[in-house]
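These are the residues of each chain, in order.
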Amino acid sequence: MTRYHYPAIPESEVTPRELFEQRRRFLKGSLKSGAALGVAAAMPGLLLSPTARAWQETLADQLEGELPSRSLAGEEALTDKTDVTTYNNFYEFGTRKSDPEVYAHRLVTDPWSVSIEGEVEKPGSFALEDILAGQELEERIYRLRCVEAWSMVIPWIGFPLAELLKRHGPPSRAKYVVFESILDPDNLRGQRRSIIDWPYREALRIDEAMHPLTLMAVGMYGEKMPNQNGAPIRLVVPWKYGFKSIKSVVRIRLVEERPTTSWIEQNPDEYGFYANVNPEVDHPRWSQGRERRIGESGRRETLMFNGYADEVAELYAGMDLTRHF
Amino acid sequence: MLDASQRILAFRLLVMLAGSLPAAWLAWQWFFGDLGAVPAEAVVHFTGRTGLILLLVTIAFSPAFRLTGWVGIMIARRQMGLWAFFWLVAHMLAWMGLDQFWDWPWIRREMVDLPYIRYGAAALLLLVPLALTSFRYTQKAMGFSAWHWLHRLIYVSAALGVTHLWILTRADYRMPMLFAAVLAALVVFRVVDAAIHRR
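No experiment lies behind these values; they were computed from the predicted model shown.

### Describing the overall build of chain B
For chain B, the count of helices and strands is 9 helices and 0 strands. Listed N to C, the secondary structure of chain B is α-α-α-α-α-α-α-α-α in terms of helices and strands. The C-alpha radius of gyration computed for chain B amounts to 18 Å, which stays within 12% of the reference 16 Å derived for 199 residues, consistent with globular compactness. Once the C-alpha set of chain B is aligned to its principal axes, its extents read approximately 50 × 40 × 35 Å. Of the contacts made within chain B by residues no fewer than 6 positions apart, 66% connect residues no fewer than 24 positions apart.

Structural data, given as structure tokens:
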């Protein structure tokens, strides 16, 4: 049997990285303008709309650079990326943990815009590329604790929600922020059954929303957000049960009255507005004192506020957390 | 063509396969790492579901006999019931070992605190006397009608099992509803059948 030999390439024949990347940029640029010309010739009206892949290019450029990274999960090891992308609660795709990975390719993220409305100075619908433009991204390593008593450690990439809200004017009268996920029953098979009153809705108190730990995430593990994890943009609130961290956000509304949320509507006895991780307050049907860290054997003790008590406990000073669960 | 006793033997082999093949499937999945991010949870769910399905199949044997009159069904019924018991014991052991890691104080706490664990434990406990009296000589020693009375506990156990599944379900009730519907249909058949034959 002949053995395969790798061809030896002299150093001089290797294209320098800068040249290679210039060439890619040139090709991308000319492809875009060429395609735009063709499209414009066929459908002149489309010229006015932004290029469909714009947010992905903006994000790709941002992810190329070195991002500042901060771990807020102590020495705990990152959960295996395969587990984070194959074990999901994302009922829009089905209620089995494996459903999101199987069906998430049907999620249409191209183009994507987020409507920011209610008690804000500058309401409107904003293309994701405009939200991302000029926005510093950073990596934050957080624990994620699901209400079903399992947990992960995930390196998110995103920016504080506070920065987005501030850009639209200081939330003056607003006391709560409501978030809404995408509604698209044609592509999201889970939405064809009304186990939840779609679209999925979540909400935070304004001080929770403005808290520096509260993140809008657009990526994880150094890459853009996989569809099954809530592409293209999702909320991450590390001290609350996972269901508060709403995925695939299309609407952010600032309001004065405390809103209801999807899980409160689904089962008001079992899900509260705050849903702070709390080992002392059990879910009516299962205990919250311990958790299964995905990828580990054995159980871990669940930490108060998921280990973020130093940062967030003051938000709830004086509140009876058994009643406001 | 098979003669009568060969057909009975073939049916008993079929029941044996129905009871044992899921184990081969589970072992295969485990070996090739196809059980997902949390294999322990997959094993707990699979053993419980298989046990409950086989329990309902065991209950369905009696209506099947009523409808077909073929004695082979009644001969294989005890074996089917024992397979259901086997899977539900496996379910309990999987929960204690793979889910709770033999942490006895916690296992005790969960059994005291959590209704769905209590229902599940009760369902399994009720099956223990049925499994212990499943031998032919105990059947004879107890007398046929006493044995039959005792073994009606299988309906109570199945109802507790479906309740256990129902109350641990989060939001999507398709599976527990299906189990409940099948059990209800079997009970209705049994009651109507008894009423007709009493007349």
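### Quick notes on the pattern of salt bridges
Evaluation of the coordinates by the stated rule reveals 30 salt bridges over all chains. For Asp282(A), the salt bridge is made with Arg109(B), and the minimal N-O distance between the two is 3.5 Å. Placement of Asp282(A) in the loop between helix H8 (262-266) and strand E12 (290-293) and of Arg109(B) in helix H4 (residues 104-113) is noted, with the two residues assigned to different chains. According to the relative accessible area criterion, Asp282(A) is partly exposed, its value standing at 32%. In this structure, Arg290(A) engages Asp103(B) in a salt bridge whose closest nitrogen and oxygen atoms are separated by 3.4 Å. In this pair, Arg290(A) sits in strand E12 while Asp103(B) sits in the loop between helix H3 (71-99) and H4, so the two residues belong to two different chains. One network of salt bridges, in which partners are shared, links Glu76(A), Arg143(A), Arg145(A), Glu291(A) and Arg293(A).

### Focus: the interface of chain B and chain A
Of the residues lining the interface, 23 residues belong to chain B; the matching set on chain A comes to 25 residues. For chain B, the biggest contributors to the area lost against chain A are Ala37(B), Phe101(B) and Arg170(B); these three give 35% of the whole. The tally of links between chain B and chain A comes to 12 residue pairs in polar contact (both at pLDDT 80 or more). Secondary structure elements with two or more residues in the side of chain B that touches chain A: helix H2 (39-68), H3, H4 and helix H8 (153-168) of chain B. When its residues are assigned to classes, the side of chain B that touches chain A shows 13 nonpolar, 2 polar and 8 charged.

### Examining the packing of H4(B) against helix H5 (residues 115-132) of chain B
Between two packed helices, both the angle of their axes relative to each other and the distance between the axes serve to describe the pair. Residue and element names in this part refer to chain B. Across the interface, H4 lies against H5 with an axial gap of 5 Å and an inter-helix angle of 95°. In terms of their interaxial angle, H4 and H5 are classed as roughly perpendicular. Across the interface between the two elements, Glu110, Met111, Val112 and Asp113 of H4 pack against Pro115, Ile117, Arg118 and Ala121 of H5. Here the contact of H4 with H5 is built from residues that sort into 5 nonpolar, no polar and 3 charged.

### Quick look at the nonpolar core
Counting residues in hydrophobic clusters, the biggest one holds 92 residues, and the most contacted among them are Trp156(A), Phe179(A), Trp239(A) and Ile252(A). Among the elements that line this core, the one with the most residues is strand E5 (residues 150-160) of chain A, at 6 residues. Not counting the four nearest positions on each side in its chain, Trp239(A) is found in contact with Glu208(A), His211(A), Leu213(A), Thr214(A), Asn276(A), Val277(A), Phe305(A), Asn306(A), Tyr308(A), Val312(A), Leu315(A) and Tyr316(A). With 34 residues, the next largest nonpolar core counts Leu35(B), Ala84(B), Leu130(B) and Leu186(B) among its residues.

### Notes on the pairing of strand E11 (residues 249-255) of chain A
Residue and element names in this part refer to chain A. For E11, a buried count of 5 out of 7 residues is recorded, marking the element as mostly surrounded by other parts of the structure. Bridge count for strand E6 (residues 176-181) against E11 is 6 bridges, and the pairing is antiparallel. The residue of E11 that forms the bridge with Glu180 is Arg251.

### Looking at the side chain of Glu117(A)
Residues and elements named next belong to chain A. Among the secondary structure elements, Glu117 is positioned in strand E2 (residues 113-118). One polar contact links Glu117 to Ser115, side chain to side chain, over a distance of 2.5 Å. Here the side chain of Glu117 touches Arg253 through a polar contact of 2.9 Å, side chain to side chain. Beyond its immediate chain neighbours, meaning those up to four positions away, Glu117 contacts Pro123, Arg251, Ile252, Arg253 and Leu254.

### Here's the deal with the packing of helix H1 (residues 4-31) of chain B against H3(B)
Residue and element names in this part refer to chain B. Remark: H1 packs on H3, axes separated minimally by 9 Å, with the N-to-C direction vectors making an angle of 15°. One element, H1, and the other, H3, form an angle in the roughly parallel class. You can see that H1 and H3 cross each other, and the crossing is right-handed. Across the interface between the two elements, Ile8, Phe11, Arg12, Val15, Met16, Ala18, Gly19, Ser20, Pro22 and Ala23 from H1 touch Val71, Gly72, Ile73, Ile75, Ala76, Gln79, Met80, Trp83 and Trp87 from H3.

### A word on the confidence of the model for chain B
Confidence in the prediction for chain B averages 93 pLDDT; 99% of positions are at 70 or higher. Across the assembled chains, the prediction reports ipTM 0.84 with pTM 0.83.

### As for the pairing of E5(A)
Residue and element names in this part refer to chain A. Burial analysis of E5 places 11 of its 11 residues in the buried class, the great majority of the element. Sheet topology places strand E4 (residues 138-145) next to E5; 8 bridges connect them, and they run antiparallel. Opposite Glu138, over in E5, you have Gly158 as the bridge partner. In sequence, E4 turns back onto E5 through a hairpin of 4 residues, with Ala149 there showing a positive phi of about 70°. With 5 bridges connecting them, E5 and strand E8 (residues 215-220) associate as antiparallel partners. Residue pairing across strands places Phe159 opposite Met216, the latter belonging to E8.

### Things to note about the confidence of the model for chain A
Residues and elements named next belong to chain A. Summing up the model confidence of chain A, the mean pLDDT is 87 and the portion of residues at 70 or higher is 83%. Residue range residues 36-41 is modelled with pLDDT below 50. Its contacts to residues more than four positions away, or to other chains, number 3 contacts. This model gives residues 44-50 a pLDDT under 50, and the stretch forms 4 contacts once residues within four places in sequence are excluded.

Conventions and cut-offs
Every chain's residues receive numbers from 1 upward, in the order its sequence appears when written. Each chain takes a letter, starting from A, and each ligand takes a number, starting from 1, following the order in which they are written. Residues qualify for local features only when their pLDDT is at least 70, as the model is predicted, and side-chain atom pairs are given and counted only at 80 or more; totals for whole chains, interfaces and linings, by contrast, use all residues. The basis for the side-chain values is all heavy atoms of the structure; hydrogens and waters are excluded. The numbering of helices and of strands both runs from the N terminus, where a helix is a DSSP run of H or I of at least 4 residues and a strand a run of E of at least 2. With C-alpha atoms as the basis for the radius of gyration, the globule rule is written as 2.2 Å multiplied by the number of residues raised to the power 0.38. By the convention used here, residues are in contact when the closest approach between their heavy atoms is within 4.5 Å. Here, a salt bridge means any Lys or Arg side-chain nitrogen found within 4 Å of an Asp or Glu carboxyl oxygen. Partly exposed describes any residue whose relative accessible area lies between the buried limit of under 20% and the exposed limit of over 50%, with all areas from a 1.4 Å probe on protein chains only and scaled to the type maximum. A simple way to read buried area is as the amount of 1.4 Å-probe accessible surface that goes missing from two parts once joined, with both sides added. Nitrogen and oxygen atoms within 3.5 Å of one another constitute a polar contact, given that in protein one can donate a hydrogen and the other can accept it, and given that sequence-neighbouring residues count only through two side-chain atoms. Polar here means any residue other than Ala, Val, Leu, Ile, Met, Phe, Trp, Tyr, Cys and Pro, which are nonpolar, and Asp, Glu, Lys and Arg, which are charged; Gly is therefore polar. Here, axes are lines fitted to C-alpha atoms. For helices the fit covers the stretch in contact, and angles between N-to-C directions go from 0 to 180 degrees. Angles are sorted into four bins: roughly parallel if under 35 degrees, roughly antiparallel if over 145, roughly perpendicular if 65 to 115, and oblique for all others. In this text, buried Ala, Val, Leu, Ile, Met, Phe, Trp, Tyr and Cys residues form a nonpolar core when linked through side-chain atoms within 4.5 Å. A pair of strands counts as paired when DSSP detects no fewer than two bridges linking them. Should the near helix be turned anticlockwise from the far one by less than a right angle, the crossing is termed left-handed; should it be turned clockwise, right-handed. Each residue carries a pLDDT value, the predictor's own confidence for that position, ranging from 0 to 100.

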